[in-house]
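One letter stands for each residue in the lines below.
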Amino acid sequence: MSVAVVGGGLAGIAAAVALQEAGIDVELYEARPRLGGATHSFQRAVDGLPGTSSLTVDNGQHVMLRAFTAYRGLLERLGTAGGVDLQDRFDLRILTPDDRPEARLRRTVFTRALPRSIALPGPLHLLPALARYSLLTPAERLRAAAASLAMGRVDPDDPLADTRSLGDWLDRHGQDDRSRRYLWELFVTAALNCRVEEASLGLSAMVIKTALLGRSDAADIGVPRLPLGELHGRAAEKHLRRVHLKTKVEAVVSGTRLVVDGFPVDADAVIVAVPHPAAAGLVPRAACPDRGRWGGLAASPIVDVHVVYDRPVLDGPFAAVVDSPVQWVFDRTAAAGLAGSGVQYVSSVVSAAGEWIDTPVARIRDAFLPALAEVLPAARRAGAAEFFVTRERHATFRQGPGSAALRPAAATRLPGLFLAGAWTATGWPDTMEGAVRSGLTAARLCRRHLQGGHDR
């Protein structure tokens, strides 16, 4: 038995690893010269930095949560789980401009008069943190707590929730502009790559209920210590036996026949694990008669602003930012190969970045260097040794109202042909976890097909 997996992103990698572990021969085809898809690294030449002539740069900053169980399982299989620093307890610093004191949201653990630390169950573990959250007034904290508990009653799988926006729901639950900016946007915009006014209520509820209202440790944040290329792509190349890079699959002729670099290739099953616009052009209409609807998923961009300062400016591995074009900041010094150099490499992530995606680098520099100096006082005395921008125009699909109805299932109408990708109907947002789960689902259906069972 052999399976062809088209696409070497996280979904394709997860599917190929699962099938190979099941003893099935897998041929993984990737058009680019590397695996990893939207999670990759590249080298950037630099001048004037101590001890190096190039930086290792991730195409975008990615984080994980402890709730990302499938993704963490994939890293275990690839042998790179140790390349992520995962918090012992959720702890988020929130920086503000104009020298206002930083705020903090931290999971509560009681230790007094007890033999060991005891974690409160969700959602109780976050209520004490919310009660002390200095960016909101006491009245706003009470209303936010009430809204959080009300969110726990929203069913993410309810089709009606998919038709509504989070912004409309927040209006109905007394969440004013300050509460949106200082609380809800911190999590929803980062998770869905979408402003709260435009975000799907169903997906927002899934994120909030899973990460914040569920298990007490679900929201613990993990940040890659290794470059993404080492964490995913190169590790997968070593783990998988048959990887074909710079190899283009031009069409899927039937459920089990491909055209690869102009030549027909037969397999016992095929998994198409590429972004939805490419998938719509690959799979035959008989497999997915409604593939034209996938275009309605559209795309939402992310912009990353990279600055190498001539001295340390950020205390800690990361922080969120409010009231600023800067949304999150991360210390990428060690991952870039600059540890011990005396400089600090800071990456600033801007989600839902339609405002910035086509802005010239010079204008982004003029906006972001002062904005970073407002929230990082040490940056006011530092020089920017390097400044550059990376842009992902199609970072995620647009996760607004109605998007769930457009996401296809993994099984198609052709026996032996399956879909994978974070854009498929995983129930999760377009995240690394969603991508891995989609690959595992496609692999499971593929094994069932090869064993003579039903695809659905």
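Up top is the structure these notes are about.
Here's a quick rundown of the structure. Owing to the predicted nature of the structure, the values given are computational and were not obtained by experimental measurement.

**Some points on the overall build of the protein**
Logical step 1: Looking only at helices and strands, one finds 13 helices and 22 strands in the protein.
Logical step 2: Its C-alpha atoms give the protein a radius of gyration of 22 Å, within 12% of the compact-globule value 23 Å for 456 residues.
Logical step 3: Its C-alpha atoms give the protein principal-axis dimensions of roughly 65 × 55 × 50 Å.
Logical step 4: Taking contacts inside the protein between residues at least 6 apart in sequence as the whole, the part at least 24 apart equals 69%.

**Here's the deal with the sheet that holds strand β8 (residues 103-106)**
Logical step 1: Spatially, seven strands are ordered β8-β7-β18-β19-β20-β17-β21 in an open sheet, and the strand pairing comes out mixed. With partners counted over all chains shown, the strands left at the sheet margins are β8 and β21 (384-396), one partner each. Along the sheet, successive strands turn relative to each other by an average axial angle of 25 degrees, direction set aside.
Logical step 2: Where strand β17 (residues 300-309) meets β21, nine bridges bridge the pair, whose relative direction is antiparallel. Bridge pairing in β21 places V305 opposite V389.
Logical step 3: Running at roughly 65 degrees to β8, helix α7 (residues 177-192) makes contact with β7 (91-95), β8, β18 (318-321), β19 (328-331) and β21 of the sheet.
Logical step 4: In the packing of helix α11 (residues 361-375) onto the sheet, the strands contacted are β7, β17, β18, β19, β20 (344-350) and β21, and the crossing angle to β21 comes to about 110 degrees.

**Some details on the packing of aromatic side chains**
Logical step 1: Tallied over the entire structure, the rule returns nine aromatic pairs.
Logical step 2: When the ring of F90 is compared with that of F187, the centres are 6.2 Å apart and the planes differ by 45 degrees; the resulting orientation is tilted. In this pair, F90 sits in the loop between β6 (84-86) and β7 while F187 sits in helix α7, placing the two residues 97 residues apart along the sequence.
Logical step 3: What makes F90 buried here is its relative accessible area of 4%.

The rules behind each value
- Residues numbered from 1 in each chain as written.
- Predicted model: local features only at pLDDT ≥ 70, side-chain atom pairs only at ≥ 80, totals over all residues.
- Heavy atoms only, no water.
- Helix = DSSP H or I, 4+ residues; strand = E, 2+ residues; numbered from the N terminus.
- Rg over C-alpha atoms; globule rule 2.2 N^0.38 Å.
- Contact = heavy atoms within 4.5 Å.
- Pairing = 2+ DSSP bridges.
- Axes fitted to C-alpha atoms, helices over the stretch in contact; angles between N-to-C directions.
- Phe/Tyr/Trp six-rings, centres within 6.5 Å; stacked < 30°, edge-to-face > 60°.
- Buried < 20%, exposed > 50% of the residue type's maximum accessible area, 1.4 Å probe, protein only.

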